[in-house]
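# Geometric and topological summary
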Amino acid sequence: MASGGGFVTWVRTEPPPPDEHPFTLPVVREVFARGGIGLDPGVTFLVGDNGSGKSTLLEALAVVFGMNLEGGSRNFRFSTRPERSALADHLVACWKRRPRTDFFLRAESFYNAATYVEELPGGGLGPYGGRSLHERSHGESFLDVALHRFGPDGLYLLDEPEAALSVRGCLALLRRVADLRARRCQFVVATHSPILLALPGALILQIDEDGALTPTGYDEAEPVRLTRGFLAEPDRLLRELLAD
Ligand SMILES: Nc1ncnc2c1ncn2[C@@H]1O[C@H](COP(=O)(O)OP(=O)(O)OP(=O)(O)O)[C@@H](O)[C@H]1O
Ligand SMILES: [Mg+2]
């Protein structure tokens, strides 16, 4: 069932890494130690605790893949902060073929991307479901982008898409990602969602405390283990958590 676009399955590092942030993050050290980062031809999930470096990796991949650092497509050229990805200067994408289209969907700067779309000459809203993304709820506008803007033969980076989505919304996104993977698309998704991670056939790369980046089964992935543990015994876990 799983296939995918397979545009780029290896992004190699260009040493030496400078001795400063973000190169001192454990996961970035690990990527340099391995000489690069391997991606699934279909869907790769990055999981890891807050601050483990998922967005740092994803932003660098976005720049290396030619997308706008703050979200959007390769032809999105807005910037609200004088930001750059130092890591991207030390990564090289080993392309197998080029995608027809691409998009970097970031929860934290989606508002700016939506404004950019609205201000495009001619309205620019056609590929986004025809309505201003600002007239939709946060989750609705996310799903509009995935349903209307994403298409076959695309390369897509998503940073915590679940931040905007209900459980139903996550299931709708999972379905959309599966459909697009079958239509030669490739995804890299940073997520904490045990629902999105359930996509069959995806590669789950888990960032551990020491920065190890390990392919992990669904049942062993931390968001799944911790959520399952909590839902199985919420009363006991809450007693422990809230005890003096
Ligand atoms: N300019 C900076 N200088 C030093 N440390 C930084 C800087 N910017 C970010 N960091 C740190 O880098 C680490 C990785 O951040 P990143 O945003 O990649 O984490 P993340 O895995 O995406 O977390 P989350 O799940 O909360 O989104 C964090 O500990 C963050 O505090
Ligand atoms: Mg993040």
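Cut-offs and rules
- Residues numbered from 1 in each chain as written.
- Chains lettered and ligands numbered in written order.
- Predicted model: local features only at pLDDT ≥ 70, side-chain atom pairs only at ≥ 80, totals over all residues.
- Heavy atoms only, no water.
- Pairing = 2+ DSSP bridges.
- Helix = DSSP H or I, 4+ residues; strand = E, 2+ residues; numbered from the N terminus.
- Axes fitted to C-alpha atoms, helices over the stretch in contact; angles between N-to-C directions.
- Core = buried A, V, L, I, M, F, W, Y, C linked by side-chain atoms within 4.5 Å.
- Buried < 20%, exposed > 50% of the residue type's maximum accessible area, 1.4 Å probe, protein only.
- Contact = heavy atoms within 4.5 Å.
- Patch = residues over 30% accessible without salt bridge, like charges linked within 9 Å, V, L, I, M, F, W, Y side chains within 5 Å.
- Areas by Shrake-Rupley, 256 points an atom, 1.4 Å probe, with all protein chains shown as cover.
- Salt bridge = Lys/Arg side-chain N within 4 Å of Asp/Glu carboxyl O.
- Polar contact = N/O pair within 3.5 Å; in protein donor to acceptor, adjacent residues only side chain to side chain.

Looking now at the sheet that holds strand 6 (residues 154–159). Strand pairing in a sheet relies on backbone hydrogen bonds, with the paired strands running either antiparallel or parallel. Taking strand neighbours across the sheet as the criterion, the six strands line up as 5-6-7-3-8-9 in an open arrangement whose pairing is mixed. Taken across any chain shown, the strands that pair with only one partner, and hence form the sheet edges, are strand 5 (101–106) and strand 9 (213–215). Each adjacent strand pair in this sheet contributes to an overall mean axis angle of 15 degrees, direction not counted. Pairing geometry for strand 6 and strand 7 (residues 186–190), over five bridges, is parallel. If you follow tyrosine 156 over to strand 7, its bridge partner there is phenylalanine 187.

Taken together, three strands build an open sheet; the order of strands is 2-1-4 and the sheet is antiparallel. Each having just a single partner strand, strand 2 (36–38) and strand 4 (91–95) make up the two edges of the open sheet. Strand-to-strand twist in this sheet, taken as the mean axis angle between neighbours without regard to direction, amounts to 20 degrees. Both strand 1 (residues 8–13) and strand 2 contribute to a ladder of three bridges, which runs antiparallel.

Counting 32 residues, the largest nonpolar core has Val11, Leu57, Phe65, Leu87 and Leu157 as the members making the most contacts within it. The greatest single-element share of this core, amounting to six residues, is contributed by helix 2 (residues 54–64). Every residue in contact with leucine 87, bar those within four places of it in the chain, is listed here: Pro22, Phe23, Val28, Phe32, Thr56, Leu57 and Ala60. Counting residues in each nonpolar core, the second largest holds 28 residues, with Val43, Val145, Cys170 and Phe187 among its members.

As a further point, take a nonpolar patch on the surface. A cluster of nonpolar side chains, Phe230, Leu231, Leu238, Leu241 and Leu242, forms an exposed patch at the surface whose accessible area comes to about 530 Å². Contributions of two or more residues to the nonpolar patch are made by helix 6 (222–232) and helix 7 (234–242). Broken down by element, the residue count for the nonpolar patch peaks at three residues, all from helix 7. Here leucine 231 lies in helix 6. Leucine 231 sits in the exposed class, given a relative accessible area of 61%.

Here threonine 191 shows up in the loop between strand 7 and strand 8 (203–207). Here serine 193 takes part through its backbone nitrogen, which lies 2.9 Å from a polar atom of the side chain of threonine 191. Excluding residues within four positions of it along the chain, threonine 191 makes contact with Phe45, Leu46, Val47, Glu162, Leu196 and Leu197.

Without other data, these values stay purely geometric and don't point to any function.
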